[in-house]
Structures are given as C-alpha cells and as structure tokens.
Amino acid sequence: QVQLVESGGGLVQPGGSLRLSCAASGTIFSINNMGWYRQAPGKQRELVATVSSSGYTNYAHSVKGRFTISRDNANNTVYLQMNSLKPEDTAVYYCNTIARPQATSTWVIYWGQGTQVTVSP
C-alpha cells in the first residue's frame, strides 16, 4: 500500500504564500502522476495542479501564474508553492498520486488525508 502524508497548510493573509508538501511512502514500485486537488465547503473537489513523472505540469486556470507544482522523484515527494493567495483559495487541499505498489500491480489512485488552507485577513 501507498501512504500520502501532507504538510504545510495553515492560515495566511491575502497576498501571502504557503508551501504544501506531500510525501509518498510504503510499498512503492512506480509512481506516475502526482498532484494536488482542493475542496471548499459546499463545493466539489477540483484539480489544482498535476505533474507527471517526466515533469510535465498542468494547472487549473484559477491558479496559473500564482501556484507552482514540483516533485522530487528520488524522495517520492510533491510540492505546491502557493503565492499571491486569495480568500477563494481557502479549501482543504488533497495530495493525489497514481502508483503501482508492486511490479505486478495495476495502477491505483491514492489520496492523502488533506490539509486545511485558510486565506483570511
């Protein structure tokens, strides 16, 4: 099994910055995409950003130019640098990965437990 542990959430003022981290651990044969999703109260979970194993990135339109996703393949870790934060960025942020626990496994989607990001004066 693959476990994802997020860290770095918190309370920040509008215009501020936060950096989220997510480390994958456990039985891991291979990791494909890693990414971040978020869910605000009363809304559906939405994609924030993803990064492939080769470094290709994809961003939601609402965060382009403000957020940067990166990954450390050697340590199975993905980061989300969030700058110029707005109140509408307030949500629970979830780490996500597509991985194979073993060589004979199929690709499986894993989720972290979520970390709260609150942007408020």
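Let me sum up the structure you'll find in this document. (Residues numbered from 1 in each chain as written. Predicted model: local features only at pLDDT ≥ 70, side-chain atom pairs only at ≥ 80, totals over all residues. Heavy atoms only, no water.)

Here we look at the environment of L4
And then number 1: Among the structural elements, L4 can be located in strand β1 (residues 2-7).
And then number 2: For L4, a relative accessible area of 7% translates into the label buried.
And then number 3: A C-alpha to C-alpha distance of 7.5 Å links L4 and Y110, two positions 106 residues apart in sequence. (Helix = DSSP H or I, 4+ residues; strand = E, 2+ residues; numbered from the N terminus. Buried < 20%, exposed > 50% of the residue type's maximum accessible area, 1.4 Å probe, protein only.)

What to know about the pattern of salt bridges
And then number 1: All chains considered together, the criterion is met by three salt bridges.
And then number 2: A salt bridge links R38 to E46, with the nearest nitrogen and oxygen atoms 2.7 Å apart.
And then number 3: The closest approach of N and O atoms between R38 and D89, which form a salt bridge, is 3.0 Å. Of the two residues, R38 sits in strand β4 (residues 30-39) while D89 sits in the loop between β8 (77-82) and β9 (91-100), which places them 51 residues apart along the sequence. D89 carries the same exposure label as R38, and that label is buried.
And then number 4: Each of R38, E46, R66 and D89 takes part in salt bridges that share partners, so that together they form one network. (Salt bridge = Lys/Arg side-chain N within 4 Å of Asp/Glu carboxyl O.)

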